[in-house]
Amino acid sequence: MTDNARTHAPRGLPAPPPLGAAALPPGTYAGQVVLVTGGGTGLGKAIAAEFARLGAGVVIAGRRAEQLAAACRELEAVPGAGRVAAAVCDIRDPERVAEVFDAAEAALAAPDVLVNNAAANFPCPAEDLSPNAWRAVVDTTLTGTWFMTREFARRHLAAGTPGSIVNVGASYAWTGGPGFAHSAAAKAGVKNLVETLAVEWGPYGIQINGLVPGLVPHEDMTADIRGGLERSAPGAKDARQPALRVGAPRELGWAATFLASPYARFVTGHTLVVDGANWQRRSLVQPAVVPVRDQLGRGPFSP
């Protein structure tokens, strides 16, 4: 191999700074309260950790008390963290949503930032989706996000105070999501809320943005996602990304802390995709089409 060939060999995007590094000045969120739904596990917990590292008081909401308790202990140990609290909540229930905001205010203060991370999802051919399966995903991902967003905004509008919202989305809100019709439809709605509400609420000092993660492995990945990665050939999960690597949870946390920060006050109605350009990748020659049923190992459709 020539020196020129070695120089131009694919290397991918550089690794991010180490865990513990901060993307914003220390204390950026000192004196503020951040409420993160689905904050007891996975990417929600990683996002909460980066807000905590910058001095925020953090309230994590979720459906399982034991997961929230374990996450609180982790977040309290983050250097620079403010106070941490948890609230058990099913965001599909608007009355429980109101109670979560009351609990956050009682424990710390009224939230200045809301991160809508909670969602539901599982792969399924569209024709196999039952009404309950459809509702389980859409009611959590879209309707629950709306209930949280509405409650946050109404409180800030009544108080005359500014606020910031970050909605965690998905790239198939643009492209469609074969095998995930329920989730793709819901995430498209979440993206549209960002664009609609930024205009409605901007005059009152409330900004709202979206944040879309790419492939970011973490310890709380669902069994279907983990199984897909394990079925891949060694290194395939990296080689199939234009960045030649997957994302780190902290990279999503850094993006969230920026979007909600004083340094992004003129950024609203925008959805930021953090996936190393994977969702924009196209092949020069399209691969063979494999029906969703075959990809999921299901037999012919039978009503």
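Rules of the game
- Residues numbered from 1 in each chain as written.
- Predicted model: local features only at pLDDT ≥ 70, side-chain atom pairs only at ≥ 80, totals over all residues.
- Heavy atoms only, no water.
- 1 Å grid on protein atoms, 1.4 Å probe; cavity = no way out; pocket = protein on both sides within 12 Å on 5 of 7 lines; lining within 4 Å.
- Points joined across faces, edges and corners; volume = space filled by probe spheres on them.
- Helix = DSSP H or I, 4+ residues; strand = E, 2+ residues; numbered from the N terminus.
- Core = buried A, V, L, I, M, F, W, Y, C linked by side-chain atoms within 4.5 Å.
- Buried < 20%, exposed > 50% of the residue type's maximum accessible area, 1.4 Å probe, protein only.
- Contact = heavy atoms within 4.5 Å.
- Axes fitted to C-alpha atoms, helices over the stretch in contact; angles between N-to-C directions.
- Parallel < 35°, antiparallel > 145°, perpendicular 65-115°, else oblique.
- Left-handed = near helix turned anticlockwise from the far one by under 90°.
- Nonpolar A, V, L, I, M, F, W, Y, C, P; charged D, E, K, R; others polar.
- Salt bridge = Lys/Arg side-chain N within 4 Å of Asp/Glu carboxyl O.
- Expected span 1.5 Å × (residues − 1).
- Arc of directions from axis to C-beta.

Undergrad: Please explain empty space enclosed by the protein as it appears in this structure.
TA: A probe as big as a water molecule, rolled over the atoms, marks out the empty space that is left. In total, this model carries 1 cavity of 30 Å³ or more according to the counting rule given. Taken as a whole, the largest cavity encloses approximately 60 Å³ of empty space. Along the wall of the largest cavity there are 13 residues; nearest its centre are Gly169, Ala170, Lys191, Val212 and Thr271. Going through the elements one at a time, helix 6 (172–175), helix 7 (181–201) and strand 6 (206–213) are the ones with two or more residues in the lining of the largest cavity. For the lining of the largest cavity, the element with the most residues is helix 7, which contributes 4 residues.

Undergrad: Sorry if this is basic, but what is going on with the nonpolar core here?
TA: Ranked by internal contacts, the top residues of the largest apolar core, which has 31 residues, are Tyr29, Val34, Phe51, Val58, Ile60 and Val115. When residues in this core are grouped by element, the largest group, 6 residues, is from helix 2 (residues 42–53). Leave out the neighbours within four places in its chain, and Ile60 touches Val36, Gly39, Gly40, Ala48, Leu68, Ala71, Cys72, Leu75, Ala85, Ala86 and Ala87. By size, the runner-up hydrophobic cluster in this structure holds 25 residues, among which are Ala87, Val97, Phe101 and Leu193.

Undergrad: What's the story with the packing of helix 2 against helix 3 (residues 65–76) in this structure? I'm lost.
TA: In a packed pair of helices, the relevant descriptors are the angle between the two axes and the axis-to-axis distance. The N-to-C vectors of helix 2 and helix 3 enclose an angle of 30 degrees; their axes lie 10 Å apart at closest approach. It follows that helix 2 is roughly parallel to helix 3 by the angle criterion. With respect to the hand of their crossing, helix 2 and helix 3 are arranged in right-handed fashion. Residues Lys45, Ala48 and Ala49 of helix 2 form the contact with helix 3, whose participating residues are Ala71, Glu74 and Leu75. For the contact of helix 2 with helix 3, the per-class residue count stands at 4 nonpolar, no polar and 2 charged.

Undergrad: I tried to follow the side chain of Ser164 on my own but got confused; where do I start?
TA: Checked against the element boundaries, Ser164 lands in strand 5 (residues 163–168). Other than its neighbours up to four places away in sequence, Ser164 contacts Asp112, Val113, Leu114, Phe152, Gln207, Leu259 and Ala260.

Undergrad: How should I be thinking about the pattern of salt bridges in this particular structure?
TA: Pairing of side chains with opposite charge becomes possible as their charged atoms draw close. Inspection of every chain in the model, using the stated rule, returns 12 salt bridges. Among the ionic pairs, Glu127 bridges to Arg293, the shortest N-O distance being 2.9 Å. You can see Glu127 sitting in the loop between strand 4 (113–116) and helix 5 (131–159) and its partner Arg293 sitting in helix 11 (residues 292–295), a full 166 residues away along the chain. The exposure class assigned to Glu127 is partly exposed, which follows from its relative accessible area of 41%. Across the salt bridge formed by Lys191 and Glu195, the nearest N and O atoms sit 2.6 Å from each other. In this pair, Lys191 and Glu195 are both assigned in helix 7, 4 residues apart and thus about one turn of the helix distant. By relative accessible area, Lys191 is classed as buried at 17%.

Undergrad: Explanation requested: unusual backbone geometry in the structure shown.
TA: Both trends apply: most residues other than glycine have a negative phi, and most peptide bonds are in trans. The backbone of Leu244 shows a phi angle near 60 degrees, a positive value even though the residue is not glycine. Counting through the fold element by element, Leu244 comes out in the loop between helix 9 (236–239) and helix 10 (249–259). The class for Leu244 is partly exposed, based on a relative accessible area of 34%. Positive phi outside glycine occurs at Ala277, with the angle close to 70 degrees.

Undergrad: How do you make sense of helix 2 when you look at a structure like this?
TA: An α-helix turns once per 3.6 residues; consequently, residues spaced three or four apart project the same way. Across its 12 residues, helix 2 extends 17 Å between first and last C-alpha, which sits within 8% of the 16 Å expected from 1.5 Å per residue. Most of helix 2 is tucked away: 12 of the 12 residues are buried. Among the residues of helix 2, Gly42, Leu43, Gly44, Lys45, Ala46, Ile47, Ala48, Ala49, Glu50, Phe51, Ala52 and Arg53 are the ones counted as buried.

Undergrad: What is the right way to read the layout of surface pockets from this model?
TA: Taken as a whole, the second largest pocket encloses approximately 340 Å³ of empty space. Lining the second largest pocket are 16 residues, with Leu19, Lys45, Ala46, Ala49 and Glu74 sitting closest to its centre. At the level of secondary structure, the elements contributing two or more residues to the lining of the second largest pocket comprise helix 2, helix 3 and helix 10. Per-element accounting of the lining of the second largest pocket gives the leading share, 6 residues, to helix 2. Along the lines of polarity and charge, the residues of the lining of the second largest pocket split into 6 nonpolar, 3 polar and 7 charged.

Undergrad: Can you help me understand helix 4 (residues 94–107) in this one?
TA: Its 14 residues give helix 4 an end-to-end C-alpha distance of 20 Å, which sits within 8% of 20 Å, the value for a rise of 1.5 Å per residue. Within the sequence span of helix 4, burial applies to Val97, Ala98, Val100, Phe101 and Ala104. Down the axis of helix 4, the smallest arc covering the buried residues is 150 degrees, so these residues share one side. Set apart from the buried face of helix 4 by more than 90 degrees, the exposed residues are Glu95 and Ala106.

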